Amino acid sequence: MNSRDTRPPFAGLTDFEPDRIFAEAQTPCYILDERQLRLNGQILGGLAERTGCRVLLAQKAFSNYDLYPVLEPYLAGTEASGLFEARLGREKMPDKEVHVFCAAYRDDEFRAVLQYADHIVFNSPNQLKRFGRMAKDCGKSIGLRINPECSTQEGHDIYDPCAPGSRLGTTRAQWDALMTDSMIAMLDGLHFHTLCEQDSDALEITLAAVEDKFGQYLADMSWLNMGGGHHITRPDYGLDRLERCIRSAADKWGVQVYLEPGEACALNAGYLVTRVLDIIQNGGVSIAVLDMSAACHTPDVLEMPYTPPLYGASGAGEKAFTYRLGGPTCLSGDVIGDFSFDKPLSEGDMLIFGDMAIYTTCKNNTFNGMPLPSIYKLTDSGRLETVKRFSYSDFISRLGS
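Since the structure is predicted, the reported quantities are computational estimates derived from the model, not experimental observations.

Asks: It is not clear to me how the pairing of strand S1 (residues 29-33) should be interpreted in this structure. Could you clarify?
Replies: Residues in a regular strand project their side chains so that they alternate between the two faces of the sheet. In terms of residue burial, S1 counts as a mostly covered element, since five of its five residues are buried. The side-chain alternation of S1 yields two buried faces, one formed by Cys29, Ile31 and Asp33 and the other by Tyr30 and Leu32. Direction of pairing for S1 relative to strand S16 (residues 374-378): parallel, over a ladder of five bridges. Counterpart to leucine 32 in the pairing with S16 is lysine 377. Inspection of the sheet shows S1 paired to strand S10 (residues 270-282) by four bridges, in the antiparallel sense. Looking at the pairing, leucine 32 lines up with glycine 270 of S10.

Below, the structure is given as structure tokens:
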């Protein structure tokens, strides 16, 4: 099964009886695991303590602010991709740093961004020229995102900022053509983000490319942001190598190192609980239609694509009964994947998908008028607490007055 992580994604359920605990939940629903979030936070906090780096929560991956108090003690702040996330970070972690990167800022929003952000990263020399002085005059620390043109990803082209023709980050050629001495002097730091669910060997390779192309400027900077995509909380992640990379950069250039992981903060800290609505046989394929939708509730399954882990199931053909699991929408490709089970599925059976705290609640949608799944919190003691229920009003409010 092509899961995104080699760690057992249901480790947080080993002390509980999920079939019993989740039986009371209204499906489909997301369940956020407080204990697993805290364990991730402790790993990130330990990294910061040992190396002096500052770790930010990339809210694009996990923005369920009711759970921010679990992570906050271990983080330096939040990273935002625009105005609303910047405001969210400032309001929900008011005593922490707020960093913002956007591929292009809007004239009618930038002054509002300045109300919430401490650090502002620009994507291009043109954006730096347009907004940099305004940000500096407001006392903000500003940076430029660089593109070291060093691709280390395989199979995830949609997430590769170093792909040819990428709009993300400033290449050395663009720097040489467009950056003036006065613009360089405005910069407090440089930012790069090139990884996606990768180990620290990819960072080591990328850092060498950063040094080759931009090393001459780093000694004049006060910080270096190494972006996200670091799978730090995965058990087989090369943490020692990451720490060497951080210390090396800090010592060589005298910079404060920032990391802004999203997945690592909430990896394996959530579940999506769903039930079987119908069983269909077509051309020798057994199909189970669920009350959750890949297109609406787990969009990364189709975008990346990937096959999510499923509690108690295996890959197709590995167990006695194989089913194709799909959603109830009209999209023919609304398919989660093929899974096998020890016994046949029946209408009403509950299924639990793992690693569902990331890129779900912040990316879901109401295509076909599908209701948004409820959100619950699984407490340390194994109790479910309702965080949010959605209704027709949440659907219709997006579409008109």
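After presenting the structure, the write-up continues.
Asks: Which parts of the structure should I look at to understand the packing of helix H4 (residues 83-92) against helix H5 (residues 107-116)?
Replies: For any two helices packed against each other, the geometry comes down to the angle between their axes and how far apart the axes lie. Where H4 contacts H5, the two axes come as close as 9 Å, and the packing angle between them is 20°. Here H4 is positioned roughly parallel relative to H5, judged by the angle of their axes. Crossing handedness for the pair H4 and H5: left-handed. Along its contact with H4, which presents Leu83, Ala86, Arg87 and Arg90, the element H5 presents Glu109, Ala112, Val113 and Tyr116.

Asks: Is there a simple way to explain a nonpolar patch on the surface in this structure?
Replies: Taken together, the side chains of Leu302, Leu331 and Phe367 define a hydrophobic patch exposed on the protein surface, amounting to about 230 Å² of accessible area. Residue position: phenylalanine 367 is located in the loop between strand S15 (350-354) and S16. The exposure class of phenylalanine 367 is partly exposed, given its relative accessible area of 36%.

Asks: Explanation requested: the packing of aromatic side chains in the structure shown.
Replies: Two measures describe an aromatic ring pair: the distance that separates the ring centres and the angle between the ring planes. Under the criterion given, the structure shown has 14 aromatic pairs. The interplanar angle of 35° and the centroid separation of 6.1 Å between the aromatic rings of phenylalanine 110 and phenylalanine 122 together place this pair among those described as tilted. Of this pair, phenylalanine 110 sits in helix H5 while phenylalanine 122 is found in strand S5 (residues 119-122), placing the two residues 12 residues apart along the sequence. When its relative accessible area of 0% is taken as the criterion, phenylalanine 122 is described as buried. On the numbers, 5.9 Å between centres and 70° between planes, the contact of tyrosine 323 with phenylalanine 341 is edge-to-face. Of the two residues, tyrosine 323 is situated in strand S13 (residues 321-326) and phenylalanine 341 in strand S14 (residues 335-341); the sequence distance between them amounts to 18 residues. For the pair tyrosine 323 and phenylalanine 341, one class covers both residues: buried.

Asks: Would you mind showing me how to read unusual backbone geometry here?
Replies: Residues threonine 27 and proline 28 are joined by a peptide bond in cis, for which omega reads -5°. Locating proline 28 in the fold gives a position in the loop between helix H1 (18-21) and S1. Following methionine 304, the chain continues into proline 305 via a peptide bond in cis, with omega recorded as -15°. As for its placement among the helices and strands, proline 305 is situated in the loop between helix H13 (300-303) and strand S12 (314-315).

Asks: Help me understand helix H10 (residues 239-253), please; the structure alone is not making it clear to me.
Replies: The periodicity of an α-helix, 3.6 residues per turn, causes residues three or four positions apart to be oriented the same way. In this model H10 runs 21 Å from its N-terminal to its C-terminal C-alpha over 15 residues, within 8% of the 21 Å that 1.5 Å per residue would give. Along H10, the residues classified as buried are Leu242, Glu243, Cys245, Ile246, Ala249 and Trp253. Down the axis, H10 shows its buried residues gathered within 160° of arc, on one side only. Opposite its buried face, H10 presents the exposed residues Asp240 and Asp251, each directed more than 90 degrees away. In the core, the buried residues of H10 are packed alongside helix H2 (34-51), helix H9 (200-218), strand S8 (223-225) and strand S9 (256-259).

Asks: Help me out: how do you make sense of the nonpolar core in this one?
Replies: One recurring pattern in soluble globular proteins: nonpolar side chains tend to sit buried together. The biggest cluster of nonpolar side chains holds 97 residues, and the ones touching the most others in it are Phe62, Phe122, Trp175, Leu190, Leu224, Leu325 and Phe353. In terms of residues, this core owes the most to one element, H9, which gives seven residues. Membership of the second largest hydrophobic core comes to 15 residues, among which are Phe10, Ala25, Val273 and Ile352.

Asks: What is the right way to look at the pattern of salt bridges in this model?
Replies: Between side chains of opposite charge, a pair can form as their charged atoms come close. Using the criterion set out here, one finds 25 salt bridges in the structure. In this structure, aspartate 107 engages arginine 130 in a salt bridge whose closest nitrogen and oxygen atoms are separated by 2.3 Å. Of the two residues, aspartate 107 sits in helix H5 while arginine 130 sits in helix H6 (residues 125-137), which places them 23 residues apart along the sequence. Classification of arginine 130 as partly exposed rests on a relative accessible area of 45%. Within this structure, Glu34, Lys377, Arg383 and Glu385 form a network of salt bridges that share partners.

Asks: I keep staring at the packing of H2 against H10 and nothing clicks. Help me out?
Replies: As a packed pair, H2 and H10 sit with axes 10 Å apart at the nearest point and diverge in direction by 40°. With respect to H10, the element H2 is oriented oblique. Of the two elements, H2 crosses H10, and the hand of that crossing is right-handed. Where H2 abuts H10, its residues Leu47, Arg50 and Thr51 lie against Leu239, Leu242, Glu243, Ile246 and Arg247. Residue composition of the contact of H2 with H10, by class: four nonpolar, one polar and three charged.

Asks: What am I meant to see in H9 here?
Replies: Given a rise of 1.5 Å per residue, 19 residues ought to cover 27 Å, yet the end C-alpha atoms of H9 are separated by just 21 Å, more than 12% below that figure. Along H9, the sharpest change in direction is near 60° and occurs at aspartate 212. For H9, the set of buried residues is Ser200, Ala202, Leu203, Thr206, Leu207, Ala209, Val210, Phe214, Gly215, Tyr217 and Leu218. As for H9, its buried residues are in contact with helix H7 (172-178), helix H8 (181-186), strand S7 (189-191), S8 and H10.

Asks: Just checking my understanding: could you explain the sheet that holds S7 for this structure?
Replies: What links the strands of a sheet is backbone hydrogen bonding, and the strands pair in either a parallel or an antiparallel sense. Judged by pairing direction, the barrel is parallel, and its eight strands sit side by side in the order S2-S3-S4-S5-S6-S7-S8-S9 before closing back on the first. For this sheet, the mean inter-axis angle between neighbouring strands, taken without regard to orientation, is 25°. Summarising the sheet, strand S2 (residues 54-58) and S9 pair through two bridges and their orientation is parallel. In the sheet register, arginine 54 faces S9, and the bridge partner there is tyrosine 258. Along the sheet, H5 contacts strand S4 (97-101) and S5; its crossing angle with S5, the most-contacted strand, is approximately 140°.

Basis of the calculations
Residues numbered from 1 in each chain as written. Predicted model: local features only at pLDDT ≥ 70, side-chain atom pairs only at ≥ 80, totals over all residues. Heavy atoms only, no water. Buried < 20%, exposed > 50% of the residue type's maximum accessible area, 1.4 Å probe, protein only. Helix = DSSP H or I, 4+ residues; strand = E, 2+ residues; numbered from the N terminus. Pairing = 2+ DSSP bridges. Axes fitted to C-alpha atoms, helices over the stretch in contact; angles between N-to-C directions. Parallel < 35°, antiparallel > 145°, perpendicular 65-115°, else oblique. Left-handed = near helix turned anticlockwise from the far one by under 90°. Contact = heavy atoms within 4.5 Å. Patch = residues over 30% accessible without salt bridge, like charges linked within 9 Å, V, L, I, M, F, W, Y side chains within 5 Å. Areas by Shrake-Rupley, 256 points an atom, 1.4 Å probe, with all protein chains shown as cover. Salt bridge = Lys/Arg side-chain N within 4 Å of Asp/Glu carboxyl O. Phe/Tyr/Trp six-rings, centres within 6.5 Å; stacked < 30°, edge-to-face > 60°. Expected span 1.5 Å × (residues − 1). Arc of directions from axis to C-beta. Core = buried A, V, L, I, M, F, W, Y, C linked by side-chain atoms within 4.5 Å. Nonpolar A, V, L, I, M, F, W, Y, C, P; charged D, E, K, R; others polar. Bend = angle between axes of the 7 residues up to and from the residue.

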